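The primary structure of each chain is shown beneath.
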Amino acid sequence: MSVNTFLWFDSAAEEAAALYTAVVPNSRITDVSRNSDGAAFVVSLDLDGHAVTLMNGGPGHSFTDAASLQVVVETQEEIDRLWDALTEGGEPGPCGWLTDRYGLSWQIVPAALPTLMGSDDPAKSIAVGTALRSMSKLDIKTLQDAYDNA
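Keep in mind it's a predicted model, so treat the numbers as computed, not measured. (Residues numbered from 1 in each chain as written. Predicted model: local features only at pLDDT ≥ 70, side-chain atom pairs only at ≥ 80, totals over all residues. Heavy atoms only, no water.)

S.K.: Hey, could you go over the packing of helix 4 (residues 122-133) against helix 5 (residues 140-148) for me, with residue numbers and the actual values?
M.R.: The description of two helices packed together rests on the angle between their axes and the distance between the axes. Running from N to C, helix 4 and helix 5 point in directions that differ by 150°, and their axes come no closer than 8 Å. Between helix 4 and helix 5, the crossing angle belongs to the class labelled roughly antiparallel. As helix 4 packs across helix 5, the resulting crossing turns out to be right-handed. Residue-level inspection shows Lys 124, Ala 127, Val 128, Ala 131 and Leu 132 of helix 4 in contact with helix 5, the latter providing Leu 143, Ala 146, Tyr 147 and Asp 148. (Axes fitted to C-alpha atoms, helices over the stretch in contact; angles between N-to-C directions. Helix = DSSP H or I, 4+ residues; strand = E, 2+ residues; numbered from the N terminus. Parallel < 35°, antiparallel > 145°, perpendicular 65-115°, else oblique. Left-handed = near helix turned anticlockwise from the far one by under 90°. Contact = heavy atoms within 4.5 Å.)

S.K.: Describe helix 5, naming the residues involved and giving the relevant values.
M.R.: Of the positions making up helix 5, those classed as buried are Ile 140, Leu 143 and Ala 146. All buried residues of helix 5 fall inside an arc of 130° around its axis, so they share one side. Packed against the buried residues of helix 5 are helix 2 (76-87), strand 8 (105-110), helix 3 (113-117) and helix 4. Between the side-chain oxygen of the N-cap and the backbone nitrogen of Lys 141 there are 3.2 Å, and the N-cap of helix 5 in question is Asp 139. (Buried < 20%, exposed > 50% of the residue type's maximum accessible area, 1.4 Å probe, protein only. Arc of directions from axis to C-beta. Polar contact = N/O pair within 3.5 Å; in protein donor to acceptor, adjacent residues only side chain to side chain.)

S.K.: Kindly report on the packing of helix 1 (residues 13-23) against helix 2, identifying the contributing residues and their values.
M.R.: Orientation of helix 1 relative to helix 2, taken along the N-to-C sense of each, is 170°, at an axis distance of 10 Å. Overall, the two elements helix 1 and helix 2 adopt an arrangement that is roughly antiparallel. Considering how the two elements wind past one another, helix 1 and helix 2 form a crossing that is right-handed. From helix 1, Leu 19, Tyr 20 and Val 23 reach across to helix 2, where they touch Arg 81, Leu 82, Ala 85 and Leu 86. Residues of the contact of helix 1 with helix 2, tallied by class, amount to six nonpolar, no polar and one charged. (Nonpolar A, V, L, I, M, F, W, Y, C, P; charged D, E, K, R; others polar.)

S.K.: Help me get a handle on the pairing of strand 3 (residues 40-47), residues and values and all.
M.R.: In terms of burial, strand 3 is a largely internal element, six of the eight residues being buried. Relative to strand 3, strand 2 (residues 27-34) runs antiparallel, the two being bridged by seven bridges. Opposite Arg 34, over in strand 3, you have Ala 40 as the bridge partner. Where strand 2 hands over to strand 3, the hairpin turn is made up of five residues, of which Gly 38 adopts a positive phi near 90°. Examined bridge by bridge, strand 3 and strand 4 (residues 50-56) share six bridges and lie antiparallel to one another. Bridging across to strand 4, Val 43 finds its partner in Leu 54. Counting the residues between successive antiparallel strands, the hairpin from strand 3 to strand 4 contains two residues, one of them, Asp 48, with a positive phi of roughly 50°. (Pairing = 2+ DSSP bridges.)

This is how it looks when you write it as structure tokens:
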């Protein structure tokens, strides 16, 4: 058995696959199935060990922020790089969410966030949550400062 993420695009699956594999380290396109006219129909990816399938299914099934791809990173530099690449032509959202140029929602999250949010000291967790809700792109130092100063 295997489980993977399946995403329906109008017509830009191959273009999106190229962007996603260029932006997410250790990623690659693993397969492209084409229609008789040569256009991509189904594009399979490995995004740093996560299987994702993109399909050009035509209009009528747009993305919403009810589902997103979450990328957990170690450094602010990684947050900044991914944020800049994925918001180009897209839109920043609240609390580390963004929408890319294809309408797909992403969350760019520091690996330290669960520890900061899960403190045994409720004042620290509340301070981090308050700081998080004030941000679009997450800032690790600001989150850490909220934790340390609570």
